[in-house]
Amino acid sequence: MGKPKIRFKGYEDDWEQRKWIDVVDISTEMVNPTTGEYDNMPHIAPGNIESFTGRILDNVKTVKEEQLISGKFRFRPDDVVYGKINPQLGKYFYATVNGLTSADAYVFNGKNGLKQKFLFALLQTSDFFKYSVSVSKRSGMPKINRDELNAYSFLMPSEEEQDRIGSYLLQLDHLITLHQRKCEETKSLKKYMLQKMFPENGNCVPKIRFSGFADAWEQRKLKDYLEVSREKNKTESYGKEDVLSVSGEHGIVNQIEFQGRSFAGVSVANYGVVEAGDVVYTKSPLKSNPYGIIKTNKGKTGIVSTLYAVYKPRMNTNSEFVQIYFELDSRMNSYMHPLVNKGAKNDMKVSDENALKGPVAFPELEEQNAITQYFDKLDRLITLHQHKCDELQKLKKFMLQNMFV
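Throughout what follows, the structure given in this document is the object of discussion. All residue numbers refer to position in the chain's written sequence, counted from 1. Residues qualify for local features only when their pLDDT is at least 70, as the model is predicted, and side-chain atom pairs are given and counted only at 80 or more; totals for whole chains, interfaces and linings, by contrast, use all residues. Computation of side-chain values covers all heavy atoms of the structure but excludes hydrogens and water.

Here's the deal with the overall build of the protein
Secondary structure assignment for the protein yields 10 helices and 23 strands. By principal-axis analysis of the C-alpha atoms, the protein measures approximately 75 × 50 × 45 Å. Expressed as a percentage of its 405 residues, the buried residues of the protein come to 47%. In what follows, a contact means two residues having at least one pair of non-hydrogen atoms within 4.5 Å. For the protein, the proportion of contacts with a sequence separation of at least 24, taken over those separated by at least 6, is 73%. For this count, His and the chain ends are skipped, Lys and Arg are scored as positive, and Asp and Glu as negative. Charge positions are represented by NZ for Lys, CZ for Arg, CG for Asp and CD for Glu. Charge-centre separation for the protein: the mean point of 57 positive side chains lies 4 Å from the mean point of 52 negative side chains. What counts as a helix is a DSSP run of H or I of at least four residues, what counts as a strand is a run of E of at least two, and both are numbered from the N terminus. Remark: exposure states derive from per-residue accessible area (1.4 Å probe, protein chains only) relative to the maximum for the residue type, with buried under 20%, exposed over 50%, and partly exposed in between.

Some details on the sheet that holds strand β18 (residues 294-296)
Pairing between strands requires that DSSP locate at least two bridges from one strand to the other. Strands sit in the order β13-β20-β17-β18 across an open sheet of 4 strands; the sheet is antiparallel. Two strands close off the open sheet at either side, each with one partner strand: β13 (226-228) and β18. Each adjacent strand pair in this sheet contributes to an overall mean axis angle of 35°, direction not counted. Note that strand β17 (residues 279-282) and β18 share 3 bridges and pair antiparallel. Directly across from V279, in β18, lies its bridge partner T296. Throughout, an axis means a line fitted to C-alpha atoms (over the contacting stretch in the case of helices), and angles, computed between N-to-C directions, take values from 0 to 180 degrees.

A short note on the pattern of salt bridges
When a carboxyl oxygen of Asp or Glu lies within 4 Å of a side-chain nitrogen of Lys or Arg, that pair is called a salt bridge. Throughout the structure, instances matching the rule amount to 22 salt bridges. Across the pair E327 and K190 runs a salt bridge whose closest N-O atoms are separated by 2.8 Å. With a gap of 137 residues between them, E327 in the loop between α8 (319-325) and α9 (329-336) and K190 in helix α6 (residues 159-196) connect regions that are remote in the sequence. Shared partners join several salt bridges into a network, and the residues in it are E50, R55 and E184.

Thoughts on the packing of α6 against helix α10 (residues 365-402)
Relative orientation of the contacting elements α6 and α10 amounts to 160°, with a least axis distance of 9 Å. When the axis of α6 is compared with that of α10, the two are roughly antiparallel. When you trace α6 past α10, the crossing you get is left-handed. Under this grouping Gly is polar, as are all residues other than the nonpolar Ala, Val, Leu, Ile, Met, Phe, Trp, Tyr, Cys and Pro and the charged Asp, Glu, Lys and Arg. Across the contact of α6 with α10, the residue classes break down as 19 nonpolar, 6 polar and 7 charged. For this classification, under 35 degrees means roughly parallel, over 145 means roughly antiparallel, 65 to 115 means roughly perpendicular, and everything else is oblique. By the definition used in this description, the sense in which the near helix is turned from the far one sets the handedness, with an anticlockwise turn below a right angle giving left-handed and a clockwise turn giving right-handed.

Notes on the packing of aromatic side chains
Stacked, tilted and edge-to-face are the three classes applied to pairs of Phe, Tyr and Trp rings, where Trp contributes its six-membered ring and a pair requires centres within 6.5 Å; stacked means planes under 30 degrees apart, edge-to-face means over 60, and tilted covers the rest. Under the defined criterion, the tally for this structure stands at 30 aromatic pairs. Ring geometry for F321 against Y325: centres 6.4 Å apart, planes inclined by 40°, an arrangement best described as tilted. You can see F321 and its partner Y325 sitting in helix α8, 4 residues apart, about one turn around the helix. The pair F321 / Y325 is uniform in exposure class, with both members buried. Of the aromatic side chains, those joined through ring pairs into one cluster are F198, F210, W217, Y225, F321, Y325, F326, Y335, F362, Y374 and F375. Over a ring means this: the NZ of a Lys or the CZ of an Arg is within 6 Å of the ring centre and within 35 degrees of the ring normal. In this structure, R331 is placed above the aromatic ring of Y325, and the distance from its NZ or CZ to the ring centre is 5.2 Å.

Distances and angles like these do not, on their own, reveal function.
In C-alpha cells form, the structure reads like this:
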C-alpha cells in the first residue's frame, strides 16, 4: 500500500500491491511470416528501437523486404513490446500499428485491471529497470525470462488513475519525439544547404542563392580573407579561467564551463588572445576532421594554447561566414589535406601562415552577411528544439520518479 508524491487531483486512494503474473499476459502468438499474410507489416525488433525512449528508428523494414523465416511474434495497436535481451539497454515501445517482432522481444498485455498505457510507463520506472537488470545478470548473454518477470511485484492505482498517468507520459513522449524530429530535420536542411549554397567542383556560382546576388564568387587564397594574429597574453591579463576550447559541435567555448576543468599549463603568458570575431584553427585531429576544424569566436575574449592558430578577419570578410564555409566536413578536409603534414604522433605539421595558403571561393561581403544570417537562424532553431527536448526529457524523468510508488 502507498501513495505517490505527485498525482492528479481527485485521486487519494492508496495504491495496491500486484504481482506481474496476475496482471500481465506475455504473448505466445508466434507466426510464420513466409505465408505472405504479413508482407506489408513492419518488422520491429529491439535493434529498431531507440534505448529508453520507445522511439522507433528509421531503419524499419516490412516483413516482405526482410524475407524473414518463421518464429516471430505478432503485435497489435496498444500492445507493449519489450526487448528481453540485455534489459539494461531499455528497448521497448508502445505499438500503434500491426506488426511483427523478433523472438528477442516479449509482447505484453495487461489484464485484471492493468491498463496498457500504465504498463508501458511502468517499464520505464527506475524500480522495474533495476529489477530487470539485477535478475538478468548471468553468465553469457543477459536476459530476463518469463519466470523472473512473473515474480516481479509493483504497486498500481485504480484503472482511471492509470489511464491519466499513462496518457500524460505518452503525451510527453509525443512532444519529445516531435522536437527530436524537428531538430533532425533542421540539421538535415542545414547539411543540404551547406552543400548547395556554396560552389562545388571548381564552379564559381552556387546552385542555391538568395535573390539579388548574381556575381561570380571569387577564387582566391584564404590569406586574402584572414590574417595571422600575433597577440599574446604576455601581460597575463587573462588567466586559466579564460582558456578556450574548440568543439566541433559547440564551436569556441570556455574550457572550464565545457570540460569541467582547465587543462592549461603552469603559465598562460604565451597563449594567443582570441577576441570576439576572431577565427581559430585547431591543429589536432577529430573523428570526422583528421586535419582539424575552423571555428569563429562568437563569445567573450579568451585565450588558447599554442596548439591553435588565431586569425583576424580582413575588411572584406564576415568571420562567421568563414566558420560556415568550413562546417561541411568534406570541404574542410579537402582544403586542409594538401597543406598539412602529420607527425609521428598524429599531430599537425602546418604553420599558422601556411594554413591560409589554400584556395577558397567566397562571395562579396554583402552576400557573406546574408548567408551568415540564414545559417544563424537554422542554428537557433536547432538549439531551440534540442533545448525543448532536453527540458521535456528531464520533466519525464522527474515524473517517473514521483508519479509512481
